[in-house]
Amino acid sequence: MSRVPPADRPIVQVLDVHKAFGEAEVLKGISFDVRRGEVVCIIGPSGSGKSTLIRCINALVPVTSGTIRVDGIEVVDPKIDKLALRRKVGMVFQQYNLFPHKTALENVMMAPIHVLGQDKREVEVRARALLAKVRLAGKEAAYPGEMSGGQQQRVAIARSLAMRPEVMLFDEVTAALDPETVKEVLVTIRELAEEGMTCLLVTHEMNFAREVADHVYFTDRGVIVEHGPPETLFSSAVDPRTRRFLSQVL
Amino acid sequence: MDAVPNWFRGLYETTGYNFTVFYDPYDWDRYVNGLKTTLLLAVTTILASIVIGAVGALLQGGPSRFLRGLVNGFVVVFCNTPPLVQIFFFYFGLGTLLPATQTADGLRVPLLDNVQWAIVALALFAGAFNVEIFRSGIEAVPRTTVEAAESLGYTRLKAYLYVVLPLALRVCLPALNNNLINLLKTTTLAYAIAVPETLYAVKQIWSESQNVLEMMIVLLATYAVLVGVLVWLMHRWERALRIPGYSR
Amino acid sequence: MTPLPSTAGDLPVLLPFRVSRTRARFTLGPVRAWLLGAWLAGLVLVMPALAQGPDAVLSPLQVILRWAPLLLTGFAFNVAISLVAMLLGTGAGVGLGLALVSEGPILRRVAWGLTQFFRNVPWLVLLFFVMFLVPFQVTVFGLRVPLPDWIKATVGFALPVMANVAEIVRGAVRSVPATQWEAAESLAFTRRQTLFRIILPQCLKRMLPPWMNVYALIAMATVQASIVGVTEMLTLTAQVHAAEGGRPELFAPLYGFALLCFFLYCYPIDRLTARLERRFETA
């Protein structure tokens, strides 16, 4: 695969993160690194804390203890400049991603104009290019309610890319789609990865993980049980929990 | 344009149906002033109640427990008590307790006159219902949509202004419009504190001219038209703000 | 505009909208509501006490306590009017509602016109209409039947109830899925049988919360009868005020007492409606 090899210094550092919602502890000490340009997949049964973990990295959910660093920004610092963080980190969600009262083009243009204060015409040019990149040229004037799920997710990816992030987070973005549309979204993500974008995906798409990921982490009940390159993890997993999960999904 | 008054005068002479409003300038003036007062009441209370509803909904979702309890108490009380009694309570009860000035003859001039008290009472009444409607609209915006806005760098306030409020408004518009139409109808209660709105003016006319049936027809037709116009305006507004693909 | 694509696998655009009632979520339960009512009552009674002069005859609290029995009988009369109006209006409204969903276009149009008319005209205007245009007595088969004011007022209130109930019936019938009609038709039910045996029984649950809502509105609207001269609680309140010398500081407590009575009556109805709404939503 012709891809930019990952650099050495990690761009995302997660160190011993704990997160509890009231009495229930959802993350029980997660630690891992993501290097620049790497594609990392997090897999695991539901309830293992994957979505919470991703939201902690983007400061949508505060951690109970531990450290998270994104390109030098201390995410867990309560006085963090959230705008600076969110310029570096883009996120795509499973559902209700887009703003239904705006067209696809407006969705992509909104944040750079309102949040970054950039010039409208420049942003429009860039937005059209991004929509073309995710293969939605011609759909600029469509509203989210008029598009299929796969199209909506691709607009959501284009919208996050409009902020020029350095890391992209994907939270089970294909889980709510039907099989035909899943493929078009995965192709888009794969192209992003091949261009060198650092991607962190929570996913159930094992084939995608096997083909595209540099590293796969298996989480269960709030801890990382096992991790490794996909070739190793999928074929010769060590931990019995991993093997049980893989045997159910593969 | 003497044709219209003449025709109605003719109608009175031939059939006995006495539509004084249309040929007597004094009655006509009273009727038109009544209409103007109704429109004044309607417009001011609609606007004020929308503001009260928006502010109340905002406070209801805020961090301060005291403010939340205050707004809840306000909503609960104003939604479950008769608006007429509320008007009386404000105009007679509070009006006499508040400080007042005096005219040169020593007559007591209250701080707010009856029209203003009517506006206050009606705006609070409709505002209480609007708080619930706006809050339901805000809640119809999914958390992920708000999270998506935040992850794009929108602050909470900006996300509220650009994403949550526009969506909440579009979603709750039918219920809001229903409430505003009810508010237009409720302005007739101001009659009870001698506010010279349409019902009051028409009653004065029929008391003097003894043409209850005719004036009643005029009154019913007037309100049918007023409400009809408002309903039409609201439909236009709803159509303009419709979200394509939402109500499948 | 391009046709909407198939819905399979599509992401929904927005959550469905339902007017959630404040109290159901913010735990202002009946106990707290009565406490709130008592607090408001205290406030209303204390305020004028602060404005009282030194030669006051009876304190507001004493006035209320003295006249409460009379005012409460007035309130009972309001409740009675509301119940009768609700009864009459519901009966007529169901008939009108069935006409709204009937197949005959003329009947439907006429019913629609009537419903719109009685829904769009303010209730107070309807009250005036009935009070002034219906004679004070009618002669039926040689018998002179007097129509006292309160009967006319009750009919005046029954008219908007009829229109609202008709709308509720129409909405409920239309909310039953078309598949029910198709299934009944394929079983050779006539339209009338389908309506009465299959559709309406399903509608009853759906109609209950909005119907109770209409009742709460009517119960609160009965005070408007005082404007047209019917002796009910508000009229009695004004008379009590005059009997106590017409002191301005008594206005707030007396009207506050009326507010309290209605609050304590309507709020539990409202909570019950909210609870039924939630239960029927999830059913």
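Residues numbered from 1 in each chain as written. Chains lettered and ligands numbered in written order. Predicted model: local features only at pLDDT ≥ 70, side-chain atom pairs only at ≥ 80, totals over all residues.

Draft legend 1. Summary view of the sheet that holds strand 9 (residues 215-220) of chain A. Residue and element names in this part refer to chain A. The six strands are arranged 6-7-8-3-9-10 in an open sheet whose pairing can be described as mixed. The open sheet has two free edges, formed respectively by strand 6 (89-92) and strand 10 (223-228), since each of these has just one partner strand. Neighbour-to-neighbour, the strand axes of the sheet open up by a mean angle of 20 degrees, direction not taken into account. Docked against the sheet, helix 6 (residues 179-194) engages strand 3 (39-43), strand 7 (167-171) and strand 8 (198-202), running at close to 145 degrees with respect to strand 8. (Pairing = 2+ DSSP bridges. Helix = DSSP H or I, 4+ residues; strand = E, 2+ residues; numbered from the N terminus. Axes fitted to C-alpha atoms, helices over the stretch in contact; angles between N-to-C directions. Contact = placed C-beta atoms within 7 Å.)

Draft legend 2. Representation of the interface of chain C and chain B. At the interface, 47 residues of chain C touch 46 residues of chain B. Within the residue set of the side of chain C that touches chain B, elements represented by two or more residues are helix 1 (22-25), helix 2 (30-50), helix 4 (105-120), helix 5 (123-133), helix 8 (191-221) and helix 10 (251-282) of chain C. A total of eleven residues in the side of chain C that touches chain B trace back to one element, the largest contributor, which is helix 10 of chain C. A breakdown of the residues in the side of chain C that touches chain B according to their chemical character gives 37 nonpolar, five polar and five charged. (Nonpolar A, V, L, I, M, F, W, Y, C, P; charged D, E, K, R; others polar.)

Draft legend 3. Inspection of the environment of B:I87 at higher detail. All names here are of chain B. By the secondary structure assignment, I87 is in helix 5 (residues 83-97). Accessibility expressed as a C-beta count within 10 Å gives 25 for I87, which makes it buried. Once the C-alpha coordinates of I87 and L189 are considered, the two residues, 102 residues apart in sequence, prove to be 8.2 Å apart. Aside from chain neighbours lying at most four places away, what touches I87 is A118, A121, L189, A192 and I193. (Buried ≥ 20, exposed ≤ 12 C-beta atoms within 10 Å, placed from the backbone.)

Draft legend 4. Fine view of the interface of chain B and chain A. Taken residue by residue, the interface counts 20 residues in chain B and 21 residues in chain A. Those elements that provide at least two residues to the side of chain B that touches chain A are helix 7 (143-151) and helix 8 (156-186) of chain B.

Draft legend 5. Layout of the sheet that holds strand 5 (residues 73-74) of chain A. Residue and element names in this part refer to chain A. Across the sheet, four strands lie side by side as 2-1-4-5; this open sheet has antiparallel pairing. At either end of the open sheet lies a strand with only one pairing partner, and these are strand 2 (24-35) and strand 5. Bridge count between strand 1 (residues 10-21) and strand 2: nine bridges; the pairing is antiparallel. Residue pairing in the sheet places V14 in a bridge with F32 of strand 2.

Draft legend 6. Local environment of the packing of helix 3 (residues 60-100) of chain C against helix 8 of chain C. All names here are of chain C. Taken N-terminus to C-terminus, the directions of helix 3 and helix 8 make an angle of 135 degrees; their axes are 9 Å apart at the nearest point. When the axis of helix 3 is compared with that of helix 8, the two are oblique. As helix 3 packs across helix 8, the resulting crossing turns out to be right-handed. Of the residues in helix 8, those touching helix 3 at V79, S82, A85 and M86 are Y215, I218 and A219. In terms of residue class, the contact of helix 3 with helix 8 is made up of six nonpolar, one polar and no charged. (Parallel < 35°, antiparallel > 145°, perpendicular 65-115°, else oblique. Left-handed = near helix turned anticlockwise from the far one by under 90°.)

Draft legend 7. The arrangement of helix 5 of chain C in detail. Within helix 5 of chain C the residues assigned to the buried category are C:W123, C:L124, C:V125, C:L126, C:L127, C:F128 and C:F129. Buried positions along helix 5 of chain C lie against helix 9 (198-209) and helix 10 (212-240) of chain B together with helix 6 (149-175) and helix 8 of chain C.

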